[in-house]
Amino acid sequence: DELQSSAVNLTGTDKISIFTGAQGLLSLSYANIIGNGNVNSTSGSFALFIPSNVNSIGMLARATSTATKHSAISAGKRVIAATVDFAAASNSVCGIAIDGGAFAYAGVSGTGAFANLPLTVGGGSAVGGATSFNGNQYAIILLSRLATTQEITDTETWVNGKTGAY
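Computed from a predicted model, the values in this text were never measured in an experiment.

## A closer look at the environment of Ser5
Along the chain, Ser5 turns up in strand β1 (residues 3–9). Residue class for Ser5 comes out partly exposed when judged on its relative accessible area of 32%. The sequence separation of Ser5 and Leu117 amounts to 112 residues, and the corresponding C-alpha distance is 8.8 Å. What Ser5 contacts, discounting residues up to four positions off in sequence, is Pro118 and Leu119.

Quick look at the structure:
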């Protein structure tokens, strides 16, 4: 199943923070956890997803180019914190932290802001795939800015209370 909202206007920011608790079970193609548009072709779009290998998490974002960060994880319930900062230096654009761990960063810098697009939860369209997310989502929080260190810690703790990942 896929849930899609009406357009969410993120045009005033070049930064986002996403927090979720998820467990991917089986994916035959890229499966979106949350995103807004096809990151392969739509400027101002992002996608937090589980690739066909359910032992990793991916974060894609497109300003003027695509920034990518994959983070290897073991299967099971996970608390995921992800950030995108289009204004950051190269190799620091997309960040992912798993189960309260340290952030790992990657991606090329670009310019621009996020777009005014519908949010998609659980579908494959945000990463150009057609497979729905197969698993459980326990919480999704999206901020139109970078979360502070304390907010990251507090939110990961709250999401873990819903998820039971660690």
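## Focus on helix α1 (residues 149–163)
In this model α1 runs 21 Å from its N-terminal to its C-terminal C-alpha over 15 residues, within 8% of the 21 Å that 1.5 Å per residue would give. On its buried side, α1 packs onto β2 (15–24), β7 (78–85), β8 (94–98) and β11 (135–143). Downstream of α1 by one or two residues, Gly164 has phi in the positive range, about 70°.

## Description of the packing of aromatic side chains
Summed over the entire model, instances satisfying the criterion amount to three aromatic pairs. Considering the side-chain rings of Phe46 and Phe114, the 5.9 Å spacing of their centres and the 85° angle between planes classify their relative orientation as edge-to-face. With a gap of 68 residues between them, Phe46 in strand β4 (residues 45–50) and Phe114 in the loop between β9 (104–106) and β10 (116–121) connect regions that are remote in the sequence. By relative accessible area, which is 2% here, Phe114 ends up buried.

## Side note on the pattern of salt bridges
Under the counting rule described, the total for this entry stands at four salt bridges. The residue Arg78 makes a salt bridge to Asp99 at a minimum N-O spacing of 3.0 Å. Taken together, the residues span a long stretch of sequence, with Arg78 in strand β7 and Asp99 in the loop between β8 and β9 at a distance of 21 residues. What makes Arg78 buried here is its relative accessible area of 13%. The shortest N-O distance in the salt bridge between Glu151 and Arg145 comes to 2.8 Å. Taking the relative accessible area as the measure of exposure, Arg145 reaches 36% and is therefore partly exposed. Look at the salt bridges and you will find they share partners, linking Asp14, Lys15 and Asp85 into a network.

Cut-offs applied
- Just so you know, the residues in each chain are numbered from 1, in the order the chain's sequence is written.
- In view of the model being predicted, local features appear only for residues whose pLDDT reaches at least 70, and side-chain atom pairs are presented and counted only at 80 or more, with totals across whole chains, interfaces and linings using the full set of residues.
- Heavy atoms throughout the structure, all of them, feed into the side-chain values; hydrogens and water do not.
- The way it works is that DSSP assigns letters per residue, a run of H or I at least four long becomes a helix, a run of E at least two long becomes a strand, and they are numbered from the N terminus.
- Whether a residue is buried, partly exposed or exposed follows from its accessible area with a 1.4 Å probe, protein chains only, as a fraction of its type maximum: under 20%, in between, or over 50%, in that order.
- Pairs of residues are marked as contacts when any of their non-hydrogen atoms sit within 4.5 Å.
- By this rule the span expected of a helix is its residue count minus one, scaled by 1.5 Å.
- In this analysis, rings of Phe, Tyr and Trp, with Trp reduced to its six-membered ring, are considered paired at centre separations within 6.5 Å, and the interplanar angle assigns stacked below 30 degrees, edge-to-face beyond 60, and tilted for intermediate values.
- Just to be clear on terms, a salt bridge is a Lys or Arg side-chain nitrogen sitting within 4 Å of an Asp or Glu carboxyl oxygen.

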